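These are the residues of each chain, in order.
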Amino acid sequence: MTVTLEARDGVGTIRLDRPPMNALDVATQDRLRELAEEATRRDDVRAVVLYGGEKVFAAGADIKEMQAMDHTAMVVRSKALQDSFTAVARIPKPVVAAVTGYALGGGCELALCADFRIAADNAKLGQPEIMLGLIPGAGGTQRLARLVGPSKAKDLIFTGRHVKAEEALTIGLVDRVVPAAEVYEQAHAWAARLAKGPALALRAAKESIDAGLETDIDTGLTIERNWFAGLFATEDRERGMRSFVEEGPGKAKFL
């Protein structure tokens, strides 16, 4: 399998495994979608880590495969490509990308689908599609601009340049830079911590933020209000408030 899903301590690791560079061919894209949907369904997966291994996250699409496609073929394929990445972005649980080595093109776009990005100090990220006479096609023009702002996104997309880890941290493309040997364990620890939290409240927070970014402030506030009120019907809310009253803040344990 080019992509696998394994669960430990409430954390599901979606692991890319297509040596040597984890090129994202059609089969890998489709497998990503399948496993994102599986992670969404599984009760033993309460948070997710995206990981490409110790040496590389993903160096982009399979260019040889793409070169053989004509316009008609890509009209058909481009929707499936975007759907695969959107399935990852819409996992209703916390998702962290553990970025080692190169995260370029589709690899960078996959990292953008996570809620949080931990990068190795030797990582390089970028959207080099312009060098192929193309633009990002798996969400890069949209998710990158929303994350780092339109000006910085245009810089990266127009030039196709690679961004080292420290610059990526400065512009907000990644959230933490750590030694390469610690990337996966730190990502897993972050996810495991959230896996112990209230699952429905975390889902509500993620969906409120993500959906709110796509609309006006009044609609966003309505989304928030509906989720906020709805959580008063959950056991997690009862457990959290009871623990606060009886034991003090920060001591609640959720199932």
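Structure shown above.
Residues numbered from 1 in each chain as written. Predicted model: local features only at pLDDT ≥ 70, side-chain atom pairs only at ≥ 80, totals over all residues. Heavy atoms only, no water.

1. Points about the environment of Asp 115
Stated precisely, the cut-off is as follows: Only DSSP runs of H or I reaching four residues or more are called helices, and only runs of E reaching two or more are called strands; each is numbered from the N terminus. The definition of a polar contact used here is a pair of N or O atoms within 3.5 Å, where within protein one atom must be able to donate a hydrogen and the other to accept one, and adjacent residues in sequence count solely through side-chain atom pairs.
The residue Asp 115 is located in the loop between helix H4 (106-112) and strand S6 (116-120) in this model. Considered as a pair, Asp 115 and Met 1 are 114 residues apart in the sequence and their alpha carbons are 25 Å apart. Polar contacts involving the side chain of Asp 115 include one to the side chain of Lys 206, which spans 2.9 Å.

2. Looking at the nonpolar core
The condition is simple: Nonpolar cores were defined as sets of buried Ala, Val, Leu, Ile, Met, Phe, Trp, Tyr and Cys residues, with membership established by side-chain atoms within 4.5 Å. Only protein chains enter the area calculation, which uses a 1.4 Å probe; residues under 20% of their type maximum are buried, those over 50% are exposed, and those in between are partly exposed.
Grouped together as the largest cluster of nonpolar side chains are 44 residues, with contacts concentrated most on Leu 50, Phe 57, Val 99, Leu 125 and Leu 173. It is helix H3 (residues 71-89) that contributes the most residues to this core, 5 residues altogether. One finds Val 96, Tyr 184, Trp 190 and Ala 192 within the second-largest nonpolar core, a separate group that totals 17 residues.

3. As for the sheet that holds strand S5 (residues 102-104)
Rule in force here: Being paired, for any two strands, means DSSP has found at least two bridges between them.
Strand order in this open sheet of 3 strands is S5-S7-S8, and the pairing throughout is mixed. The strands lining the two open edges of the sheet, one partner per strand, are S5 and strand S8 (163-164). Pairing analysis gives 2 bridges linking strand S7 (residues 124-126) to S8, with the strands arranged antiparallel. Pairing of Lys 124 across the sheet is with Lys 164, part of S8.

4. So, the environment of Ala 205
Mapped onto the elements, Ala 205 comes out in helix H9 (residues 199-213). Linking Ala 205 and Arg 237, residues 32 residues apart in sequence, is a C-alpha distance of 14 Å.

5. Considerations on the packing of aromatic side chains
Two measures describe an aromatic ring pair: the distance that separates the ring centres and the angle between the ring planes. What counts is decided by this rule: Only the six-membered ring of Trp is used, alongside the rings of Phe and Tyr, when aromatic pairs are assigned; centres must lie within 6.5 Å, and planes under 30 degrees apart are stacked while those over 60 apart are edge-to-face, with the rest tilted.
By the definition in use, this model includes 3 aromatic pairs. Here the aromatic rings of Tyr 51 and Tyr 184 are separated by 4.7 Å at their centres, their planes lie at 35 degrees, and the arrangement is tilted. Residue Tyr 51 is located in strand S3 (residues 47-51), and its partner Tyr 184 is located in helix H8 (residues 183-195); the two are separated by 133 residues in the primary sequence. One exposure class covers both Tyr 51 and Tyr 184, and it is buried. An angle of 70 degrees between the planes, with centres 5.5 Å apart, marks the rings of Phe 228 and Phe 232 as edge-to-face.

By themselves these figures say nothing about function.
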